[in-house]
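Examining the three-dimensional arrangement
One letter stands for each residue in the lines below.
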Amino acid sequence: MLTKKLPPLQRFLSLVSRTGESCRPTAKIQTIGALSCNPSLGGVGKGQLVREVDALDGLCGRAGDWAGIHFSILNRRKGPAVWGPRAQLDRQRYRTFIQSELLSTPRLTVLEGSVEELLLSETNPEEPGTHRVTGIRLANEGTPISASSVILTTGTFLSGLLFMGQSESPGGRIGDAPSSAGLSHTLRERLGLRVGRLRTGTPPRILKDSVDLSLAHLHPPDSVPTPFSFLNTHTRCKPEEQLPCYLTYTTPGVERVVKESLHLNCHIQQDAKGPRYCPSIESRVVRFPGRQHQVWLEPEGLTSDLLYPQGLSMTMPPDIQLRLIREIPPLQRAEIHTPGYGVQYDFVCPTQLSPALQVKSTQGLFLAGQINGTTGYEEAAAQGLWAGVNAARSALSMPPVALSRTESYIGVLIDDLVSRGVTEPYRMFTSRAEYRTSLRPDNADLRLTLKGFEEVGCVSPLRYQEAVRVRDSLQEAQAALQTLSLSSPKWRKALPDMRMSETKSTLLTGMDVLQYNDVTFEMLSSAFPESLSRHMEFAQRLKIEAVYKPHCDLQKKEIKRIQKEENMSLPQDIDYLTLPVSMSQEVREILDRVRPSTLGAATRLEGMTPAAIVHLLNYVRTAAQRERRNTKTPKGRERAGDVCKRGVLT
């Protein structure tokens, strides 16, 4: 296994001891577990990935619970399916936990050194591929290291270049050298892989004592932290020990400084694509002039004297960075500890990978993380886990395994990468998953832990036993709720505070009643303690299961409808940029640029998400139905496209 950053290898440690000796070369052992950018974990879409990695016995969830200093559930005003578990982390605690776990793993050797090249040999004629990787060679080391499988997780280090103002230097992270040129040469020339170029950046770190936090908006953490790991009932950081975050905004002075210094910023002028959803402040000002932008001031640790200004990624010269941040009221006297900088790096076009994250043309070679065109710790951890699983299975002469996009966000991530590729750094969002009402953070253990133990082999017996207990307990509780079948008058008598129509006369089960907004499992348990009180441990999960059951059933029907409606015509005058449906700006721009003629053509566009296709199908069908009704009256003759543009759906 080759890595420059740890997050892709927060994975299947239980498999290491079963596959023989494993080796992990790394540039510096002391930087294992270093959080190169924001010291945070999770978020909307990303939190689902962390929960799924944990359900498959990966490390990052437990590390987050150990190192977290500010826990919050994002999107709580919306439904639980799109809640985003998130934590601000203590950098040192996170690094310590990860190093402790990794360095104590049996039969895993950690070597310090840079990989110079991949060792190639004759292919196995019984397997597909025109090349075979059989090991690595470290720089300045003559002795090769043989391996049945090799995983590359190079992060931003593959031919990495650092940018600050008009200067550039080799590197993948400040203070660290890039990967060896020989590795890039092997991928491009000897293996013939298509390689592209991406960029990212990081903000300056600011001395906390130089910031007037009284001028920013206080954002406290959740009063009761929610752990990432299904094995944890609480976090290491006590509720009262958590630190707050602060919100402030850019000013017209920020925009002025950016525009005056663009000629001194070579990174922003490069052709390499940067992250759409985490752009630099220079990119924001250029793309959205005249707007105010959020800046989050986040702690870097319980005892750290630094703040991380999320939203202020920048690559201008250090003196101009100082001018810029001092245009923001809380930062008027701020001092910079470490200036921000940009990074450009190579990535391998991920359509050259199989769903097992193995290079299709090369036996024994797996890729994970930013080398596949993604951005973020969570996306890297998910890929690292699955590449690790399949590399281990390959070493054991076992067939590869895949996760469907119908059963996990990891499946959505990998399917998007290998089937659609990337044109910019890929970030996970809940909108990318068409089955998101069933792919919730709360049920990742039921979706994946059992499969991880019974079919994949990456889950420990301890975690498996806990998942079986949870599954059986939930099934027992749901059966108890189903047996509570009462008429509406009897339900109103049992639950006086429930708002139920007096005209409703059908029998309702406990699961039906639990779907009501003002009914909780605690209320039902109080009314029927004999059958329900022993299930209080799962009160929230039972409420969520009841609420989402009809939505999950409907969603499955919608996906089947799409398969039948491929030839549906799409009106050519639809205004996709303002269409009032749930679509990301990225998808809207793709549809507006290409303007596909049919729904089937839309599904095959690079960058389109199945979830967007579902919303587009529903919208156009409803618009067409409205148009047909309108044509029955003289005043109602409108085109379907006009109906779509007016926003006929509620």
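So, a few notes on the structure that sits alongside this text. What you see is a predicted model, and the numbers here were worked out from it, not measured in a lab.

The subject of this paragraph is the environment of P550. Relative to the assigned elements, P550 resides in helix α17 (residues 539-564). Look at P550 and you get partly exposed, because its relative accessible area is 39%.

With respect to topology, four strands assemble into an open sheet ordered β12-β11-β20-β13, the strand pairing being antiparallel. Only two strands of the sheet have a single partner each, and these edge strands are β12 (167-170) and β13 (195-202). The sheet shows a mean angle of 25 degrees between the axes of neighbouring strands, taken without regard to direction. By the bridge criterion, eight bridges tie β13 to strand β20 (residues 341-348) in an arrangement that is antiparallel. Across the sheet, residue L198 finds its bridge partner in β20, namely Y345.

On to the packing of aromatic side chains. Under the defined criterion, the tally for this structure stands at four aromatic pairs. A centroid spacing of 6.0 Å and a plane angle of 35 degrees characterise the contact between W66 and F97, whose relative ring orientation is tilted. Of this pair, W66 sits in helix α3 (residues 60-67) while F97 sits in helix α4 (residues 91-103), and the two are 31 residues apart along the sequence. With relative accessibility at 14%, the residue F97 sits in the buried group. Between R51 and the ring centre of F230, over which it is positioned, the NZ or CZ distance is 3.9 Å. Positioned above the aromatic ring of W66, the side-chain terminus of R236 is 4.1 Å from the ring centre.

Our focus in this paragraph is the nonpolar core. Soluble, globular proteins show a tendency: their nonpolar side chains are buried together. Ranked by size, the top nonpolar core spans 85 residues in total, and within it L118, L152, L187, L365 and W386 carry the most contacts. Among the nonpolar cores identified, the runner-up in size contains 23 residues, and A477, M500, V519 and A546 belong to it.

Cut-off values and rules
The residue numbering used here restarts from 1 in each chain and proceeds along that chain's sequence as written. Whole-chain, interface and lining totals are the exception, using all residues; otherwise, since this is a predicted model, local features are given only for residues with pLDDT of at least 70 and side-chain atom pairs are given and counted only at 80 or more. Side-chain metrics rest on all non-hydrogen atoms present in the structure, leaving aside hydrogens and water. In DSSP terms, a helix is any run of H or I states spanning at least four residues, a strand is any run of E spanning at least two, and both are numbered starting from the N terminus. Per-residue accessibility, obtained with a 1.4 Å probe over protein chains only, is compared with the maximum for each type, and a residue is labelled buried under 20%, exposed over 50%, and partly exposed between these values. For two strands to count as paired, DSSP must find a minimum of two bridges between them. Every axis in this analysis is a line fitted to C-alpha atoms, fitted for helices over the stretch in contact. Angles between the N-to-C directions lie between 0 and 180 degrees. In this scheme Phe, Tyr and Trp rings, the latter by its six-membered ring, pair at centre separations within 6.5 Å, and the angle between planes marks the pair as stacked below 30 degrees, edge-to-face above 60, and tilted otherwise. Charge-over-ring placement is defined geometrically: NZ (Lys) or CZ (Arg) within 6 Å of the ring centre, and within 35 degrees of the ring normal. We call a set of buried Ala, Val, Leu, Ile, Met, Phe, Trp, Tyr and Cys residues a nonpolar core when their side-chain atoms join them within 4.5 Å.

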